[in-house]
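# Commentary on secondary and tertiary structure
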Amino acid sequence: MPPLVRGASAAATTAITSTFTARATRLAPAVRAAATAASALLAARLSPPVVGPAVFTSHARSLSSSSSSSSASPPPSSSSSSTNPSAASAGYSLGAATNAPPPPPPPFPVSSPPLRPAADLPAGAEVHPVVIVGSGPAAHTAAIYSARANLRPLLFEGFMAAGVAAGGQLTTTTDIENFPGFPSAVAGPELMDRMRAQSLHHGTSIRTETVARVDLSRRPFAIYPEDQDAPVFAHALIIATGATARTLTDADMRGAAALWQRGISACAVCDGAAPIFRNRPVAVLGGGDSAAEEALFLSRYASAVHLLVRSPDRRLRASKLMQQRLRDNPKIHFEWASRPVEARPLAAADGSPTAVRLGSLVLASTADPAAPPRELPVAGLFYAIGHTPNTAFLRVDAAAAESATPYRLQLDPDGYVRTAPGTSLTSVEGVFAAGDVQDKRYRQAVTAAGSGCMAALDAERWLDAQGLHF
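Turning to the overall build of the chain, a few remarks are in order. Scanning the chain for helices and strands turns up 11 helices and 19 strands. When contacts within the chain are restricted to residue pairs at least 6 apart in sequence, long-range pairs at least 24 apart make up 64% of them. For the chain, the accessible area works out to roughly 23,000 Å², and carbon and sulfur atoms hold 57% of it.

A cis amide bond, omega 0°, links R219 with the succeeding residue P220. One non-glycine residue, N150, lies in the positive phi region at around 65°. Checked against the element boundaries, N150 lands in the loop between helix 5 (137-148) and strand 2 (154-156). Its identity is not glycine, yet R443 carries a phi of approximately 55°, on the positive side. By the secondary structure assignment, R443 is in the loop between strand 19 (431-433) and helix 11 (445-465).

Let's shift gears to the nonpolar core. One finds V284, V305, L307 and L326 to be the most contacted residues of the largest nonpolar core, which totals 23 residues. Those elements that provide at least two residues to this core are strand 11 (281-285), helix 8 (289-298), strand 12 (304-309) and helix 9 (320-328). The leading source of residues in this core is helix 8, at 6 residues. With residues up to four places along the chain from it excluded, the contact list for V305 reads V282, V284, A295, L298, S299, K331, I332 and H333. Grouped together as the second largest cluster of nonpolar side chains are 22 residues, A139, A142, I238 and F432 included.

Moving on: the pairing of strand 11. Counting buried residues in strand 11 gives 4 out of 5 residues, a clear majority hidden from the surface. Sheet topology note: the strand 11/strand 12 ladder contains 5 bridges and is parallel. Along strand 12, the bridge assignment pairs L285 with L308. In the classification by handedness, the crossover that spans strand 11, the intervening helix 8 and the parallel strand 12 is right-handed. The pairing of strand 11 with strand 17 (residues 380-383) spans 4 bridges and is parallel. Looking at the pairing, A283 lines up with L381 of strand 17.

On to the sheet that holds strand 11. A sheet is described by the order of its strands in space; here 5 strands give the open sequence 10-17-11-12-13, paired in parallel fashion. Edge positions in the open sheet fall to strand 10 (264-265) and strand 13 (332-336), since each of these has one partner strand only. Packing of helix 8 onto the sheet brings it into contact with strand 11, strand 12, strand 13 and strand 17, and relative to strand 11 it is tilted by some 170°.

For the rest of this paragraph, the subject is the environment of L363. Along the polypeptide, L363 turns up in strand 15 (residues 353-365). Ignoring sequence-local partners within four residues, the contact set of L363 consists of L308, S338, R339, P340, P373, R374 and L376.

What follows is about the side chain of N329. Assignment of secondary structure puts N329 in the loop between helix 9 and strand 13. You can call N329 buried: its relative accessible area is 16%. In this view, N329 contacts L296 and S299; residues no more than four positions away in its chain are not counted.

A separate point is the confidence of the model for the chain. Here the chain averages 81 in pLDDT, and 74% of its residues register 70 or above. Predicted confidence is poor over residues 41-91, with pLDDT under 50, and the contacts of this stretch with residues over four places away or in other chains come to 72 contacts.

It is worth spelling out the state of the cysteines at this point. Throughout this description, disulfide means a covalent bond between two cysteine sulfur atoms. As enumerated under the stated definition, the model contains 1 disulfide in all. Disulfide pairing places C267 opposite C270 at an S-S distance of 2.1 Å. When the S-S torsion is 65°, as for the bridge of C267 with C270, the disulfide is right-handed. Looking at C267, the relative accessible area reads 16%, which means it is buried.

Procedures and definitions
- Residues numbered from 1 in each chain as written.
- Predicted model: local features only at pLDDT ≥ 70, side-chain atom pairs only at ≥ 80, totals over all residues.
- Heavy atoms only, no water.
- Helix = DSSP H or I, 4+ residues; strand = E, 2+ residues; numbered from the N terminus.
- Contact = heavy atoms within 4.5 Å.
- Areas by Shrake-Rupley, 256 points an atom, 1.4 Å probe, with all protein chains shown as cover.
- Core = buried A, V, L, I, M, F, W, Y, C linked by side-chain atoms within 4.5 Å.
- Buried < 20%, exposed > 50% of the residue type's maximum accessible area, 1.4 Å probe, protein only.
- Pairing = 2+ DSSP bridges.
- Right-handed = clockwise from strand over helix to strand, strands pointing away.
- Axes fitted to C-alpha atoms, helices over the stretch in contact; angles between N-to-C directions.
- pLDDT = per-residue confidence, 0-100.
- Disulfide = S-S within 2.5 Å.

Below, the structure is given as structure tokens:
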């Protein structure tokens, strides 16, 4: 029977199940048992759903808050209708989404900053439900979801933060072919312009200011933009500042700047399948697992992949398994103790150089400084020498370290924000992290956008659990 009659009246439920059971008693014992079980299942389907105490408590708190407010607040979303026991045991009180299994508790202690007395807030202070720091796919997705939840987010997109324009790493790329919805590719700057426009359309306030530091010792949290003494306050804070790929400068390799995104890239997964690299030799700079993964990925498209290992002792930092995979791939060639010192453009038909795209690399030996440099013809150079998470503004200075220690965000040894697996929860209650600032594994625009959605939903449920409705 189709489950379209859920919520039928008690009388109707009793009549239907009684008839079904009566017919079952006239059947053979084996068939009767099966029919009786089906009758019980039918009764369960017809019965109205039971509202648990957590759901009732959440909605009662929402109604109480709404009735005491001078202006009507929107009803809480269905995604914030129960309490997550796993997160609560770690110091969080979250509303869980439908019947999804709760995430595991954070593998680190969670601090819960005390409330900031209203008297401590400066006169005329800006207090926002949600403040988002960042300007990439994670930040704008978090902004879109927060705005649609009537949280009126404020987003600090930064002014050349980490040396990159607002929009993050995607503003330095050309055609993006692996972001859903663009069958003919989309330029990185255009994609970020569209995301920014969508954030504004839904009601996000955007400021082109860089955040210098934050104070997480009390709630609402204080956010200090550069060159401003007065902070902005936030009940919930979403960190989505990303990570910057480490690259070579012209001081390291001549021609690095002129040929950036003209054959030189920092993301093989993003750019490796482009036509300019297909069936042509390319190079990867690095010796760790990331370099190995990029070399193996590029071997699907390139005619040859030259792995440039700068270490003079001819050693790879990659795991033994990845090293064996590299050696087993006939397309991958090791260029031991080699560093690129010049990137040369492809020569035109008449022999004159042109800056259209990369044509070759000049390699110098790191083991023998007296060895003459050599030229390696390649169509592409992919940096795989690591990323730097943009978390400098989260670090606490030495003078304030002792008092602020319990409320500092925990960072991993590489400087990435630590989050509980499967969530955006950080070590400070009310602070959430999304995108590459907490993801050193995938580092893709689409995964960053997904984690931005997670952060917005987590923030919304957390605010609801605190009785904060806007």
